[in-house]
Amino acid sequence: MTALTVGAKGPQRVAVLGAGIIGLACAWRLARAGHRVTVLDPSARTGATYAAAGMIAPASEAAFGQDALLAAGLASARLWPTFAADLTHDTGRPIELTPCATMLVALDADDDNALTRHVRHLHRRGCTAERLTSRAARRLEAGLTPRLAGAVLLHETAVDARKVASALEVALVEHGGTVLAVSGEPVVHEGTATGVRSLGERWATTSGVIDADVVVVAAGWRSPQMLSALDHAVPIRPLKGQILRLRSSPGALGHTVRGTVRGREVYVVPRPDGEVVVGATSEDVGEDLRVTAGAVHDLLHDAIELLPELAEATLVESTARLRPATSDNLPVVGPTCVDGLVLASGHGRDGILLAPLTAELVSAHIDGRPPPSGAETLAAQRLCTPKELT
Ligand code: GLY
């Protein structure tokens, strides 16, 4: 188990707004070190975390030019095994990283050339990426379409994000933390955060305020709403994702398979129990939580194009959620322009991947340690613009 201690300031009272994987990971990390942590969320674990496929996939998620995201993703992927082992230790619930390496597949010569460029790009950045012929790829993953033009194998993993979030809540409580089913907003007095105020009916104190030395805003795409009292704007916007869950036989698929079909990207993530996650759309359409017929059609069509036998799987669930996206595709994590107010949001498509790094970064800030390597570019202050300038 990883040993943790509080910094020179001693145990702090920390209020965390948001109980998705980011808020809960920060809260657990802080409570384990000895801080007194209260998390507020009217509906814990039901936002973007609920939808997430759970890929720990830094190399396949970072596009060309997203080197800072790749570095942060690689740093966080290295933290995941210890994070999962500590969580298993604290809860007795096994949190397993499924070793379902990612297979990036190409259906035609153009896509195959793009894969060659992607491999070169990854090799230059020190990542392992193995080029496969279509025959070799089909030997490893028998269900792949015979139309395959080529493939790449990446040593990535995946977790069940719902299980992780639920274990985080248990582990937090185990370490003396509290989760309140209310929404709240930071209380700021003379440029310093002094606590959180309830926005709901059920509340723990008669004054409606919980005093805190540090307030962490980790409320996903809703984070800007919680910063409305501040004189700084934080440009986080909702990015809609629609995603499906199918049921197939356990072991029918051994790899996460990702490809592009008719210009649309699709991924298929298998779990050991036979669940298969098919995702996901990325739609800049504001606060729209509808599951649309077109998205379900396209996701199924594209997944079956890559893996024809998926046509026999059972369609179990379709979900739409909003990811918190930023203009530079990097999260905003760390101190803001207000003393004691820390932001941990904007994780876009990478909330699950980046949860351990984010928790480490937030706790390093609160305990006065240097930030972990790979996290230098995530500083929240880069996107905090005085409102009069927006
Ligand atoms: N991490 C993949 C997605 O958000 O769709």
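Residues numbered from 1 in each chain as written. Predicted model: local features only at pLDDT ≥ 70, side-chain atom pairs only at ≥ 80, totals over all residues. Heavy atoms only, no water.

The protein chain is annotated in an unreviewed UniProt entry as glycine oxidase of Terrabacter carboxydivorans.

Our focus in this paragraph is the site of the ligand. Taken together, Met55, Glu61, Tyr267, Ala280, Arg323 and Arg349 make up the full set of residues near the ligand. Within the side chain of Tyr267, one N or O atom sits 2.6 Å away from an oxygen atom of the ligand. Interatomic distance of 2.5 Å between a backbone N/O atom of Arg349 and a nitrogen atom of the ligand. Within the complex, the protein chains bury 85% of what would otherwise be the 200 Å² of accessible surface of the ligand. Partitioned by chemical class, the residues of the shell around the ligand number three nonpolar, no polar and three charged. (Near = heavy atom within 4 Å. Polar contact = N/O pair within 3.5 Å; in protein donor to acceptor, adjacent residues only side chain to side chain. Areas by Shrake-Rupley, 256 points an atom, 1.4 Å probe, with all protein chains shown as cover. Nonpolar A, V, L, I, M, F, W, Y, C, P; charged D, E, K, R; others polar.)

On to the sheet that holds strand β11 (residues 209-211), then. In sheet architecture, strand pairing relies on hydrogen bonds along the backbone and comes in two forms, parallel and antiparallel. Ordered in space as β9-β10-β11, the three strands form an open sheet in which the pairing is antiparallel. Of all the strands in the sheet, the pair left with one neighbour each is β9 (184-189) and β11. Between one strand axis and the next, the sheet turns by 35° as a mean value, whatever way the strands run. (Pairing = 2+ DSSP bridges. Helix = DSSP H or I, 4+ residues; strand = E, 2+ residues; numbered from the N terminus. Axes fitted to C-alpha atoms, helices over the stretch in contact; angles between N-to-C directions.)

On to the pairing of strand β17 (residues 275-279). Walk down a regular strand and you will see the side chains alternate between the two sheet faces. Of all five residues in β17, five are buried, a share of seventy percent or more. Of the two faces of β17, both are covered, the one formed by Glu275, Val277 and Gly279 as well as the one formed by Val276 and Val278. Bridge count for strand β14 (residues 237-247) against β17 is four bridges, and the pairing is antiparallel. Bridge pairing links Arg247 to Glu275 in β17. The sheet contact formed by strand β16 (residues 264-270) and β17 spans four bridges and is antiparallel. Note on β17: the bridge partner recorded for Pro270 is Val276. Joining the antiparallel neighbours β16 and β17 is a turn of four residues, in which Gly274 adopts a positive phi near 100°. (Buried < 20%, exposed > 50% of the residue type's maximum accessible area, 1.4 Å probe, protein only.)

Taking 1.5 Å of rise per residue, the 25 residues of helix α4 (residues 67-91) would be expected to cover 36 Å, and the 35 Å separating its terminal C-alpha atoms lies within 8% of that figure. The sharpest bend along α4 measures roughly 35° and falls at Trp80, with the proline Pro81 sitting one to four residues further on. (Expected span 1.5 Å × (residues − 1). Bend = angle between axes of the 7 residues up to and from the residue.)

This next bit is on unusual backbone geometry. Even without being a glycine, Arg45 presents a positive backbone phi close to 65°. One can find Arg45 in the loop between β2 (36-40) and α2 (48-51). Look at Asn329: it is not a glycine, yet its phi comes out positive at around 60°. Here Asn329 falls in the partly exposed class, since its relative accessible area comes to 41%.

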